[in-house]
Amino acid sequence: MILKKLLEKLEYQVVSGDDAVEINHLQNDSRKVEKGDVFVCIQGAGFDGHEFVTDVTQKGAAAIIVMEEVTVPEGVTVILVKNTRYALACMSAAYFDYPAEKLTTIGITGTKGKTTTTYMVRQVLERVGIKTGLIGTIETIIGDEVIPSKNTTPESYIVQETFAKMVKEGCQCVVMEVSSQGLMLHRVSGFVFDYGIFTNIEPDHIGPNEHKDFDDYLKCKSMLLKQCRHGIINMDADYIDEVLEGHTCDVETYGVKGDYDFKASDIQLFTKPGCLCVAYQLTGKLNFPVEIHVPGTFSVYNSLCAIAICSHFTKNTEVIRQALLDVKVKGRVEIIPVSQRFTLMIDYAHNAMSLESLLTSLKEYHPKRLVALFGCGGNRSRDRRFEMGEVSSKLADLTIVTSDNPRFEEPMDIINDILTGVAKADGAYVTVPDRKDAIRYAILHAEDGDVIVLAGKGHEDYQEIKGVKHPMDERVLIEEIIQEEEVKAVL
């Protein structure tokens with residue numbers, strides 16, 4: 001492949017060599033560089049690709065893409081660009097022959113709701129015969145292949161490579177979660193989404209190695225509406241005027257509080273055996289009753305969003321209705337059946353906003369007690385700990401404070417920060433540092449009619465301690481706990 005072909009959508013300067021050089025592979029990981037490759041120097045939080053130029057040229061790299069001056073041996077082509085992350089995205093699209101143009105692309109951004117909505121959309125589209133790939137927080141799905149995810153939105157090279165695999169597998173559509181960092185770091189640059197969806201926004205991902213402040217977070221979230229053809233917007237969300245400022249797409253709306261294109265009314269929360277449910281009447285561009293076996297009013301917004309998206313692919317309301325009935329997402333208000341006496345669920349709620357939304361919604365089902373078990377991740381903003389502690393103490397009848405990915409911090413330091421927040425309200429609480437012990441405590445002390453939420457881990461199957469990810473899946477822990485004789489006696 002000729003380098004110039006990869007650069008065709010970029011403005012660039014040839015510093016040395018020739019942009020007509022033949023190259024073998026596109027690389028942004030210096031460890032993978034082989035003779036004849038082009039290497040893109042990416043700058044990250046803890047590394048700078050420019051520092052590896054000598055290494056990759058010794059390996060035989062034919063060309064280097066840079067955004068600052070470097071020294072290379074004679075005969076190596078150096079291309080100067082304004083932003084190497086953006087360059088990588090555009091070059092990756094070209095390298096894989098622009099696969100996004102061969103798919104209908106759906107990108108969903110927002111502080112919460114992205115994961116559940118992507119699964120809802122995929123379920124509906126698959127039901128109507130549209131083979132649909134998925135990229136998200138939990139996994140990437142390409143036909144029958146399921147790949148566990150490392151990032152909500154992968155690096156641009158991986159995004160384009162995945163699109164290409166989806167095309168090869170016969171996918172017609174892809175639905176993906178688009179994180180604020182994914183937008184900020186140009187992981188989804190190099191193509192235009194057919195549909196860009198905005199669910200909501202509240203302060204999150206603000207701190208070291210993330211966003212410097214809320215304004216930056218908001219700005220990055222709104223970027224999707226400048227990179228899509230058709231926008232679908234939750235008009236009940238906060239900061240909606242700021243999100244829409246400068247948008248370049250046409251806009252369709254959904255929500256509960258206004259006269260929108262897709263509106264939910266007559267919302268009813270109810271229970272079925274082993275299930276907390278919600279139902280409502282949909283009006284607007286489509287009209288039919290909707291029932292979802294995922295609890296909470298936030299499920300109304302997620303399903304409204306999914307319906308708005310899927311209405312562009314099918315008008316078969318019965319298929320949409322049935323597909324939404326069957327949706328289950330790992331780690332998203334996932335009910336684990338262990339006893340008829342109480343309800344136990346796992347959810348990814350790992351910040352104050354998502355925890356407050358979850359607990360508020362669950363209180364509407366009038367449980368005997370609402371029990372919240374959670375911890376907070378180490379090496380992240382301490383404010384999150386104070387906020388989550390306070391939210392839980394206000395809304396839950398019992399808060400069980402435990403550990404969650406302490407990373408390089410001491411678990412008790414994190415727990416004490418959470419307890420500072422807990423003390424700001426008057427909820428009962430206990431501290432059980434070991435997460436398995438905490439889950440056992442919750443089950444052993446459950447009362448008839450309780451709803452117990454294990455929050456924060458969701459789909460994760462590990463506990464990160466001192467840089468090592470130790471296997472830990474809450475589903476496995478629960479299965480082990482309920483086999484214990486002491487626990488069997490209370491179930």
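Here we summarise the structure given alongside this text. (Residues numbered from 1 in each chain as written. Predicted model: local features only at pLDDT ≥ 70, side-chain atom pairs only at ≥ 80, totals over all residues. Heavy atoms only, no water.)

**Things to note about the overall build of the protein chain**
Move 1: Along the protein chain, the regular secondary structure elements total 16 helices and 24 strands.
Move 2: When the backbone C-alpha atoms are referred to their principal axes, the protein chain occupies close to 75 × 55 × 40 Å.
Move 3: Summarising the internal contacts of the protein chain: among those between residues at least 6 apart in sequence, 65% fall at separations of at least 24.
Move 4: When the accessible area of the protein chain is evaluated, it comes to approximately 20,600 Å², of which 48% is carbon and sulfur surface.
Move 5: Of the side chains in the protein chain, 52 bear a positive and 73 a negative charge, and the two mean positions are spaced by 2 Å. (Helix = DSSP H or I, 4+ residues; strand = E, 2+ residues; numbered from the N terminus. Contact = heavy atoms within 4.5 Å. Areas by Shrake-Rupley, 256 points an atom, 1.4 Å probe, with all protein chains shown as cover. Lys, Arg positive; Asp, Glu negative; His and termini not counted. Charge placed at Lys NZ, Arg CZ, Asp CG, Glu CD.)

**Comments concerning helix α11 (residues 352-363)**
Move 1: Here α11 is 12 residues long and its end C-alpha atoms lie 16 Å apart, about the 16 Å a rise of 1.5 Å per residue gives.
Move 2: In terms of burial, α11 is largely enclosed, as nine of its 12 residues are buried.
Move 3: Those residues of α11 that sit buried are Ala-352, Met-353, Ser-354, Leu-355, Ser-357, Leu-358, Leu-359, Ser-361 and Leu-362.
Move 4: For α11, the side-chain oxygen to backbone nitrogen distance between the N-cap and Met-353 is 3.2 Å, and the N-cap itself is Asn-351. (Expected span 1.5 Å × (residues − 1). Buried < 20%, exposed > 50% of the residue type's maximum accessible area, 1.4 Å probe, protein only. Polar contact = N/O pair within 3.5 Å; in protein donor to acceptor, adjacent residues only side chain to side chain.)

**Focus: the packing of helix α12 (residues 382-395) against helix α13 (residues 411-422)**
Move 1: Contact geometry for α12 and α13: axes closest at 6 Å, N-to-C directions at 45°. By the angle between their directions, the pair α12 and α13 is classed as oblique. α13 is crossed by α12, and the crossing has right-handed handedness. Between α12, through Arg-382, Arg-385, Phe-386, Gly-389, Glu-390 and Ser-393, and α13, the contact on the second element is made entirely by Ile-414, Asp-417, Ile-418, Thr-420, Gly-421 and Val-422.
Move 2: Partitioned by chemical class, the residues of the contact of α12 with α13 number four nonpolar, four polar and four charged. (Axes fitted to C-alpha atoms, helices over the stretch in contact; angles between N-to-C directions. Parallel < 35°, antiparallel > 145°, perpendicular 65-115°, else oblique. Left-handed = near helix turned anticlockwise from the far one by under 90°. Nonpolar A, V, L, I, M, F, W, Y, C, P; charged D, E, K, R; others polar.)

**Section: the sheet that holds strand β20 (residues 398-401)**
Move 1: The sheet built from six strands is open, its strands ordered β17-β18-β22-β19-β20-β21 with mixed pairing. Both edges of this open sheet fall to β17 (334-335) and β21 (428-431), since each of them pairs with a single strand only.
Move 2: Where α13 meets the sheet, its contacts fall on β19 (370-374), β20 and β21, and the angle it forms with β20 comes to roughly 160°. (Pairing = 2+ DSSP bridges.)

**Digging into the pattern of salt bridges**
Move 1: Applying the stated criterion across every chain, the model contains 30 salt bridges.
Move 2: With a shortest N-O distance of 2.8 Å, Arg-440 and Asp-437 are connected by a salt bridge. Residue Arg-440 and its partner Asp-437 are both found in helix α14 (residues 435-444); the two are separated by three residues, about one turn of the helix.
Move 3: Under the relative-accessibility criterion, Arg-440 is labelled buried at 17%.
Move 4: Using a relative accessible area of 36% as the deciding quantity, one classes Asp-437 as partly exposed.
Move 5: Ionic contacts of the salt-bridge type, sharing partners, join the residues Lys-368, Arg-369, Glu-447 and Asp-450 into one network. (Salt bridge = Lys/Arg side-chain N within 4 Å of Asp/Glu carboxyl O.)

**Let's talk about the sheet that holds strand β8 (residues 139-142)**
Move 1: Pairing within the open sheet is mixed, and its 11 strands lie in the order β9-β8-β7-β10-β6-β11-β12-β13-β14-β15-β16. Only two strands of the sheet have a single partner each, and these edge strands are β9 (145-148) and β16 (288-292). For this sheet, the mean inter-axis angle between neighbouring strands, taken without regard to orientation, is 20°.
Move 2: Two strands pair when backbone bridges link them, and strand β6 (residues 104-109) and strand β11 (residues 193-198) are joined in this way by four bridges, in the parallel orientation. For Ile-106, the partnering residue across the bridge sits in β11 and is Tyr-195.
Move 3: Packed onto the sheet, helix α4 (residues 114-127) meets β6, β7 (132-135), β8, β10 (173-177) and β16 and runs at close to 170° relative to β10.
Move 4: Relative to strand β15 (residues 275-284), helix α9 (residues 298-310) is tilted by about 45°, and along the sheet it contacts β6, β11, β12 (228-234), β13 (250-255), β14 (262-272), β15 and β16.

**Points about the nonpolar core**
Where a protein is soluble and globular, its nonpolar side chains tend to be buried together.
Move 1: By size, the foremost hydrophobic cluster in this structure holds 68 residues, and its most contacted members are Ile-106, Tyr-280, Leu-282 and Ile-307.
Move 2: Here the element with the most residues in this core is α9; it accounts for nine residues.
Move 3: Excluding anything up to four places from it in sequence, Ile-307 contacts Phe-262, Tyr-280, Leu-282, Leu-286, Phe-288, Val-290, Ile-320 and Leu-324.
Move 4: Val-178, Val-188, Leu-224 and Ala-237 belong to the second-largest nonpolar core, a separate cluster that totals 29 residues. (Core = buried A, V, L, I, M, F, W, Y, C linked by side-chain atoms within 4.5 Å.)

**A short note on the packing of aromatic side chains**
Move 1: Tallying each qualifying case throughout the model produces six aromatic pairs.
Move 2: Considering the side-chain rings of Phe-96 and Tyr-157, the 5.2 Å spacing of their centres and the 65° angle between planes classify their relative orientation as edge-to-face. Of this pair, Phe-96 sits in the loop between α3 (84-95) and β6 while Tyr-157 sits in helix α5 (residues 156-168), placing them 61 residues apart in sequence.
Move 3: Here Phe-96 falls in the buried class, since its relative accessible area comes to 19%.
Move 4: Every member of this aromatic cluster is reached through a ring pair, and the members are Tyr-95, Phe-96 and Tyr-157.
Move 5: Over the ring of Tyr-462 we find Lys-457; its NZ or CZ atom is 5.0 Å from the centre of that ring.
Move 6: Of note, Lys-469 hangs over the ring of Tyr-462, and the distance from its end group to the ring centre comes to 4.4 Å. (Phe/Tyr/Trp six-rings, centres within 6.5 Å; stacked < 30°, edge-to-face > 60°. Lys NZ or Arg CZ within 6 Å of the ring centre and 35° of its normal.)

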